[in-house]
Amino acid sequence: WDIAAESLNDEQGVWSIDASEFPKKGAASVGVAPQYCGALGKTANCQSGVFICYSSPKGHALLDSRLYLPKCWFEPQFEKRRKQCHIPKETTFQTKLELALELIKPLLKGKQFGGRWITCDCSFGNNEWFLEELPKDFYYLAEIACTRKVWVKATGTDPKLEKEGCTVEQLLKVKHLLNWQTHKIAEGEKGPMVAAFARLRIYLSAERTPESERWLLLRNDANCKIKYALSNAPEETAMKELVRVSGARWPIERCFQ
């Protein structure tokens, strides 16, 4: 961490939380089990882990990780395998959400690395408890599923939608609601990487409390696949800042590669 901070620390730094899986053939590896494998896009025999990446204009690096142990590994029939893999007796089951919080909090508390943003994919972003447990003095940009329900602050055209709410995907069908803008995300190997972005102020609940107000950021990549993300950043946050943080997610994928 000290060495990484010397070369990467920057006030524009962004943290990324993600899980990654490693396909396995046999049953001897610690934590191996049939579970969702992102590398294969299906349920398969694999190991899974949670990883923390820090990226800034100066570069990026993985700073910590933890192997995920599926629930079945704590059942009596797995006792022999736990001993063979030298899993400490005091180890208890933890979800990937709990592992991620356990990993990132000491890194943030240490203040070796600048920046106030945390990003994650929808396996973390869809969980409201997880987002609430993140340190309050940090902003998050968390991907969510297209089926996530929200309440729009104002459509100007559809009072029913404002009252009853809808999925983020349904917002695409509301005329004149989204103002799409094209932004450059980063310099890629084959030239500039660009995408179209739109954003809306929304509520997470029908009660429309100030505490439930968020930014919803929509990103339409060159492959026409739209991604949705929530952010607790203030209303005055510039669009360019949300675009910058959205682009800071890719370094963790490079690290996995």
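Everything below is about the structure printed above this text.
Being a predicted model, the structure only gives us computed values, none of them experimental.

Focus on the overall build of the chain
Step number 1: Tallying secondary structure elements over the chain gives eight helices and 12 strands in all.
Step number 2: For the chain, the C-alpha atoms occupy an extent of roughly 65 × 45 × 35 Å along the three principal directions.
Step number 3: Across the 257 residues that make up the chain, the buried fraction comes to 46%.
Step number 4: Relative to all contacts within the chain whose residues are 6 or more apart in sequence, the contacts with residues 24 or more apart total 56%.
Step number 5: When the accessible surface of the chain is summed, it comes to about 14100 Å², and 52% of that surface belongs to carbon and sulfur atoms.
Step number 6: Separation of charge centres in the chain, based on 37 positive and 32 negative side chains, amounts to 5 Å.

Topic: helix α3 (residues 96–110)
Step number 1: With 15 residues, α3 extends 22 Å between its outermost C-alpha atoms, agreeing within 8% with the 21 Å of an ideal straight helix rising 1.5 Å per residue.
Step number 2: Looking only at α3, the buried set comprises L97, L99, A100, L101, L103, I104, L107 and L108.
Step number 3: Elements that come into contact with the buried residues of α3 comprise β1 (14–23), β3 (42–56), β4 (59–68), β5 (117–120), α4 (122–125) and α5 (128–133).

Digging into unusual backbone geometry
Step number 1: Its identity as a non-glycine residue notwithstanding, K111 has a phi of 55°, on the positive side.
Step number 2: Checked against the element boundaries, K111 lands in the loop between α3 and β5.
Step number 3: Phi at R208 is positive, roughly 55°, even though this residue is not glycine.
Step number 4: By the secondary structure assignment, R208 is in the loop between β10 (191–203) and β11 (213–220).
Step number 5: The exposure class of R208 is partly exposed, given its relative accessible area of 27%.

A closer look at the nonpolar core
Step number 1: One finds W15, I17, F124, F130, L171 and L216 to be the most contacted residues of the largest nonpolar core, which totals 47 residues.
Step number 2: With eight residues, α3 is the single largest residue contributor to this core.

Quick notes on the rules
Residues numbered from 1 in each chain as written. Predicted model: local features only at pLDDT ≥ 70, side-chain atom pairs only at ≥ 80, totals over all residues. Heavy atoms only, no water. Helix = DSSP H or I, 4+ residues; strand = E, 2+ residues; numbered from the N terminus. Buried < 20%, exposed > 50% of the residue type's maximum accessible area, 1.4 Å probe, protein only. Contact = heavy atoms within 4.5 Å. Areas by Shrake-Rupley, 256 points an atom, 1.4 Å probe, with all protein chains shown as cover. Lys, Arg positive; Asp, Glu negative; His and termini not counted. Charge placed at Lys NZ, Arg CZ, Asp CG, Glu CD. Expected span 1.5 Å × (residues − 1). Core = buried A, V, L, I, M, F, W, Y, C linked by side-chain atoms within 4.5 Å.

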